[in-house]
Structure formats: C-alpha cells, structure tokens
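Okay, here's what each chain looks like letter by letter:
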Amino acid sequence: MQRQSAARLGPLLLLLLLPLAWGKGPSPPRAAEELQVSNRLAGQAARVALHYLNYRLGSPSALRALGQVRKATLKTIPGIGHKYYLQFTTEDYKSSLNVGTCLATVFYLKRKPRPAVNINCTYTKDQKQIREDDYSFYKKMRQQTKPIIGNDIPDSYGNIEPALEPAWALAVAGSSYLMWEKSTENLGYFMAQVKNVKQWITKDDSIDFDYSVVLHEIPTQEMISCHLRVIWTPGHPLKVKYFCLSENQWSESEEGSGTESGSTNGIFNEKEAHF
Amino acid sequence: RLGIIFAIHHLIPLSIAGVWPFLCSYVLCQLDFWRGPGGQDVPIDVQVPFASLQAVKIFLESNCIRYSILIDDLQVSSLVDEEQTQMIRQHFMPRSVETFNYASYHTLDEIYDFMDLLVAANPNLVSKIQIGNSYEGRPIYVLKFSTGGTKRPAIWLDTGIHSREWITQASGVWFAKKIVDSYGKDPSLTSILDNLDIFLEIVTNPDGFAFTHTTNRMWRKTKSVNAGSACIGVDPNRNWDAGFGGDGASSNPCSETYHGPYANSEREVKAIVDFVKSHGNIKAFISIHSYTQLLLYPYGYTSTRAADYQELDNIAKAAVAALSSLYGTQYRYGSIITTIYQANGGTIDWTYNQGIKYSFTFELRDTGRYGFLLPANQIIPTAKETWLALMTIMEYTRDHPY
C-alpha cells in the first residue's frame, strides 16, 4: 500500500519540484508589472540596491547616489515576496557627476529580515583615482597620533569641515550596511547626520571609527539614532557593527565576501535578457 | 511728538556691545534704532524721545561720541504722519533688503525683520497680514503682494510648515524679494500681479522653526502639548480635514506624523484654513517642503485619481521641465500617493477638495546627500530653479481662470 502511494507521489513530487529546480517559485504564474519610473517603490528599491553596493564596495571614494530610474519591473511571487528589476543611473556621491548605470534586482522576501540584492554597474570614474584617494585617506588616518573627533557633520547649515569629509564618507559607507539591513519594501532610509565621530587608534592595519549617526526613515519621518563601529582596510570588506536605539542588541556584518543575500560585479557585462 | 532723530557716528572704537546696554540702562530703552547698529564706522540713527533728550546728549558728549541731529521734531498725529514715518524709515533704511544675505540661513527674528523691511521698501505692493498666533503665541504672518482690486483671484505659497526643512523658509525669503524685483520688469510676473494677488507665508510653523535654531535642528512638528503624553507636537501636514486620521498618519503623539486630536487642532493650520475660507477666491495653492525633489498633486489620502488629474499632471510636467532648464536638476512628479507615500490629512488634499484646483506640493533639494542640512550655497540656486516652476504654475493659473 505504502509503496503504491509512494510511486504515485513520486511523479507528482517531481512535477512540483521542477519549477523550484529552475529557480522559479511554485505556480500559479507570477504577475509581472512594469512600473512608472517615478514610482516611489521603484526609487526606494533602487536606493536599497545602492546601499548594498556602497557597503560591499567599502570605499569612501567610490560611493554612489541614485541618479534616475530608467526602467522598473515588479514581479510578485506569491507566498515568497516581491522582486524588483531595476535599471538606474548613478552619481558620484561627492561631485554628483554621472558615474554609470546599474542593473539590479532587489528581492523583498517575506521570511528573510533583509532584502536580497544583485547589482551590476558600469563605472565611468577612474578606478586608479579611487584607489589613490582611498589610500590617501587611509594613510592619513593611520598616521594620526591623536584620534580624529568631530560633531554634527554636516552642521545645521550643511557645512562639512574638509578635514572631516573622508570620515563622513566612511560613515556613509558604514551606514549603507545598516540601511540595507533595515530597509523593507515600504521603509527606506537616508543618513541624515553624523552626530559624533571618534577614531580608535589601533596597532593593526585597519582604521577604526566609532560613529553616532542619525537616520531619516521614510515614510514614518522618524529620526533614528544609531551607533556604528566601522573597521576598514582599503581593498577589504568593510566591517560594521551597529546598534540602533530602537533595537536591543548589536548587529554585525559578516566577514568575507559574497553572502547569500546578494552579489555584485564590478563591471556590467550581462544582456538585458530579463527585462 | 515723537522726538528727535540722532545720527550717531562712532569716533572711538567702542564695541556695540559696550555702548548700547549702557545707553539702554541710561534712558530706559526708549530708543528706537532706525538704522544699525552696524560696524564701527557705520552711523547709527536713533530716535530719541524728548524726555530722554538731555540724558542722551550728556551721555554722548561725555563719551566723545559725535552725533548730528537729522530730524529735530518728528510730528505724530494721524495716518498722514504714519505714512510720513514710513517714508522716513524708508529713507533711512534704503539698503536693508538689498544688503540682506539671501545666501544664508536666518533666524525667525531675522526673517520677521526682513518682512518689515520689505513692506517698508515697497508699501504700494506688499503688506503684512497677521493670520493668527502659533501655539506658543508667536504671530503668524503672511505677505500680500497686490496691485489693487478687491479680493482678486489669488495664488497662495507657503514655506516652512515643517520646521526642519530650512531650504524652504530660505527660498520663501528669496521669492518675496524676487516678486518685488520682478514687478514692472518681468512682463509675465507683472501681468500675473496685475490680475491676481499673491499670498506668501514664509514661516508657517514659527514655534518649530525657533526650536530648530535653539534646541533640535531636526524638529518637524508644531510645539503643541498633547494631553496625556510626554511627547510634544503635531504634524501640521497631517492635521487637515482631508482623509483625516487614516493610515497615512499616526495616532501616536510621539510620532513624527501624529495627526493631532482632531482636524485643524493646530493653530498654525486653523489660521490658514480660516484665511482660505474667508478669502474665498484662491485659485492656486502651493505648499513647499523638502527634500527628495518632487512636484506633487492630490491625492495623498486615497489612490482614487483626482478629477483634474490629467490637467494637474500636464502642469506638473511643464513646471518640472522649467525647473530643470536652469541647472539640470531632476525632479519626479505625480500624485502624492504614487510618488512619495500615502499621507492622510495633508494640506493640498484639503485645498483641492475646497475647490482650489491648482493645488501642488514641492519637495525641494536634495535627493538625500545632505537632506535637511542643505548647504547654504545651494539656497539661491534652489530658489531660482524653483521659481521657474512656480512661474509656470502661476502663469497657467492666470491664463486658465475658473
């Protein structure tokens, strides 16, 4: 009796598993919806993709901001989540000049705490210059005998002291990790201000900063205070620990490259097959 | 009789801080400074009441402070002399709106002074109306730009409803000056003002604004006390009677989007509601916020499209193109709910439902790098590009009466 049911079950099971094997969710067919480029959820998803990119690149000199969304598609996978397919331009964080286009997928999963991001970008900024700028900041910080400290960056009037600007950029990179983790399909973040920065002078190769940052949360409009510890060596993944006042414990980034939550390639070389 | 106007020239490098408190205590602060205190060599004009004349003369002479008498007998009796006083004030403060720094952020007092200076310099074009008082008792002022008529169709602009959005109040100051500079020079603005009035409320939330200067730069709401809660303030852009209390607002007094106990509970909101209703002829209503670079039209509280959706969308498209033409700044546009988020009890949803068809909200620069802390060197570029969008909307309003 049992063997008979197993035999009947077998092909049925195979049929059910087939879509999974192809990387697709269980049927019924997914709804794919093209979104207007001005759609807020598309913009929000693009920002999440950039938070992830900025964190993974771990380079204060290579930070990118969102330019414009060029194309956006939303696929609803019932019982699993919402997947955004995006094409957007990016700007250099400092200069606002266009620095290339990205293709990204942002998958908001129902059962995972943070969005899964895949992102590939073209890059028009000079990579050598970026490495030099990063290294120059790194060297300067390594040479400090007195720890760098600062408050209110930018200040009430939007001023950033030039000497503190790279430390601010590193805070943006570190905050990107935290903003990626906290983002949901409906909750987005901007880093509003560094309230406090304090450098730890270390004996190892890294530079080490303690930050208090304020995040601006959308659409709630709340200002969230977070404490951030950023440890950085150029060319290595950023190490970030954070604690936000609404939470009960520290959260920490994984060591090493490539997490199951996403991936990023430096140079864009894929066809736009899935658009 | 008002007294005498002294022009005081400092010869000795006395600090202002040093002189004036002394003078003040000497003559019980009945001095009316018509100009200054400025720098060391800038003459200061002081109106001295007759009763204090002797004391002031003695003080000045014993401290070797040179002075001259500009007007030896200021008369006061009726309206005629009020005008005379105004003209004299204008004469002795001819450069103040011209020397005002539009490229920096100002305090509430400085902006209120600016308004008075602007009115004094342009009495035939600008007047100041008090539409109410804030929760903490500050006067709420609106500038009226008018070339005459009686209750002409009007355009309303407001900035600073959310106090931390400093670029908006700063832009409002610039807009005020731009209007007076353009009348009689720019044909389009001139024809707008020859047919319509413009109302401009620069500091829509004065309590919040003062608080951002003294205590918390990121304060958004009003400063009203919430019964039964330690948390202060109501979101003035969730307090209007349009979808009030729905999901796009919070019922928690501690929240930044707390809608308040009931619609129009906030004096700052009620003042505008009363003004709009009693005016009855406002044709365009534009409420200005920051940041994220958006131009929005109703609705925020419902995904149902506004009846005039297509027309509003066309206007927004044109306005955004005009804005972008100056420096290439990119804006998105659309209804509030599709472009930014669901928001209940918002200003322009109410004004639209009142019949003010051309109701728009701006979110000015930037897109998140500096956010609320926009550097002052972006004030004038932001104001200039935004002005082009405002002109587009105002021209359309002028050309499409309803």
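Residues numbered from 1 in each chain as written. Chains lettered and ligands numbered in written order. Predicted model: local features only at pLDDT ≥ 70, side-chain atom pairs only at ≥ 80, totals over all residues. Heavy atoms only, no water.

Trainee: Can you lay out the overall build of chain B for me, pointing to particular residues and giving the numbers?
Mentor: On a plain count of helices and strands, chain B comes out with 13 helices and 12 strands. The buried share of chain B, reckoned over its 402 residues, is 57%. Across chain B, every contact between residues at least 6 apart in sequence was considered, and the portion connecting residues at least 24 apart equals 74%. Carbon and sulfur atoms form 51% of the exposed surface of chain B, whose accessible area is close to 16000 Å². (Helix = DSSP H or I, 4+ residues; strand = E, 2+ residues; numbered from the N terminus. Buried < 20%, exposed > 50% of the residue type's maximum accessible area, 1.4 Å probe, protein only. Contact = heavy atoms within 4.5 Å. Areas by Shrake-Rupley, 256 points an atom, 1.4 Å probe, with all protein chains shown as cover.)

Trainee: An account of the UniProt feature "active site" (unreviewed entry) in chain B is needed here, citing residue identities and associated values.
Mentor: Residues and elements named next belong to chain B. The sites that carry the UniProt feature "active site" (unreviewed entry) are, in the present numbering, Glu363. In this structure, Glu363 sits in strand 12 (residues 358-364). When neighbours within four sequence positions are excluded, Glu363 is seen to be in contact with His289, Ser290, Tyr291, Thr292, Gln293, Leu294, Leu296, Tyr331 and Ile340. Within the structure, Glu363 has its side chain in polar contact with the backbone nitrogen of Ser290 (distance 3.4 Å). (UniProt positions renumbered as here; feature names shortened; annotations may be inferred. Polar contact = N/O pair within 3.5 Å; in protein donor to acceptor, adjacent residues only side chain to side chain.)

Trainee: Describe the packing of aromatic side chains, listing the residues and the values that go with them.
Mentor: Residues and elements named next belong to chain A. Throughout the structure, instances matching the rule amount to 34 aromatic pairs over all chains. Taking the centre distance of 5.7 Å and the plane angle of 20° together, the rings of Phe209 and Tyr211 count as stacked. Look at Phe209 and you get buried, because its relative accessible area is 0%. Judged by relative accessible area, which is 1%, Tyr211 ranks as buried. (Phe/Tyr/Trp six-rings, centres within 6.5 Å; stacked < 30°, edge-to-face > 60°.)

Trainee: I'd love a proper account of the packing of helix 6 (residues 166-182) of chain B against helix 13 (residues 379-399) of chain B, names of residues and values included.
Mentor: All names here are of chain B. Running from amino to carboxyl end, helix 6 crosses helix 13 at an angle of 65°, the nearest separation of the two axes being 9 Å. Like other packed secondary-structure pairs, helix 6 and helix 13 cross with a definite hand, here right-handed. Only Ile379, Ile380, Thr382, Ala383, Lys384, Thr386, Trp387 and Leu390 of helix 13 make contact with helix 6, whose side of the interface consists of Ile167, Ala170, Ser171, Trp174, Phe175, Lys178 and Ile179. In terms of residue class, the contact of helix 6 with helix 13 is made up of 10 nonpolar, three polar and two charged. (Axes fitted to C-alpha atoms, helices over the stretch in contact; angles between N-to-C directions. Left-handed = near helix turned anticlockwise from the far one by under 90°. Nonpolar A, V, L, I, M, F, W, Y, C, P; charged D, E, K, R; others polar.)

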